[in-house]
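# Fold and geometry: a report
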Amino acid sequence: MDKSRPSREHNLVEWARPLLNSSKKLLKILDPRMEGQYSTKVAVKVAVLAYQCLSQNPRGRPVMSQVVELLEGFQ
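Scope of this entry: the structure provided in the associated data block. Predicted model only: the values in this text are computed from it and were never measured. (Residues numbered from 1 in each chain as written. Predicted model: local features only at pLDDT ≥ 70, side-chain atom pairs only at ≥ 80, totals over all residues. Heavy atoms only, no water.)

Okay, the layout of surface pockets next. For the largest pocket, the calculated volume is near 150 Å³. Every residue along the wall of the largest pocket is listed here: Leu20, Leu26, Leu30, Met34, Tyr38, Val42, Ala43, Val46, Ala47 and Ala50. Of the residues contributing to the lining of the largest pocket, the split by class is ten nonpolar, no polar and no charged. (1 Å grid on protein atoms, 1.4 Å probe; cavity = no way out; pocket = protein on both sides within 12 Å on 5 of 7 lines; lining within 4 Å. Points joined across faces, edges and corners; volume = space filled by probe spheres on them. Nonpolar A, V, L, I, M, F, W, Y, C, P; charged D, E, K, R; others polar.)

Structure below.
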């Protein structure tokens, strides 16, 4: 929760979830101060993984060992 943001953006998970599965929308929320420190391709893959982790259906979420394995592969 971030009460300093506009009311529709207080819950950061709910605000960010729909932006994580679209590369065009994702680019709008990436911190511009980090530009050049990551590949856009990897940022999109990490966003897709985050989107999966935020699935409303717990069975649709990857297990932590899968998350770790994928993140290690992105390095």
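Of note, Ala50 is situated in helix α3 (residues 40–53). Along the sequence, Ala50 and Ala16 sit 34 residues apart, while their C-alpha atoms lie 9.9 Å from each other. (Helix = DSSP H or I, 4+ residues; strand = E, 2+ residues; numbered from the N terminus.)

Attention now goes to the packing of α3 against helix α4 (residues 64–74). The interhelical angle for the contact between α3 and α4, taken along N-to-C directions, is 170 degrees, at an axis separation of 10 Å. In terms of axis orientation, α3 runs roughly antiparallel to α4. Across from Val42, Lys45, Val46, Leu49 and Cys53 in α3, the residues of α4 making contact are Val67, Leu70, Leu71 and Phe74. Classifying every residue of the contact of α3 with α4 by side-chain character gives eight nonpolar, no polar and one charged. (Axes fitted to C-alpha atoms, helices over the stretch in contact; angles between N-to-C directions. Parallel < 35°, antiparallel > 145°, perpendicular 65-115°, else oblique. Contact = heavy atoms within 4.5 Å.)

This paragraph deals with the pattern of salt bridges. Applying the stated criterion to the full structure yields two salt bridges. Between Glu14 and Arg17 there is a salt bridge, with its nearest N and O atoms 3.1 Å apart. Here Glu14 pairs with Arg17, and both are found in helix α1 (residues 12–20), just three residues apart, close to one helical turn. With a relative accessible area of 44%, Glu14 lands in the partly exposed category. Assessed through its relative accessible area of 15%, Arg17 is described here as buried. A salt bridge links Arg33 to Asp31; the nearest nitrogen and oxygen atoms lie 2.8 Å apart. With relative accessibility at 25%, the residue Asp31 sits in the partly exposed group. (Salt bridge = Lys/Arg side-chain N within 4 Å of Asp/Glu carboxyl O. Buried < 20%, exposed > 50% of the residue type's maximum accessible area, 1.4 Å probe, protein only.)

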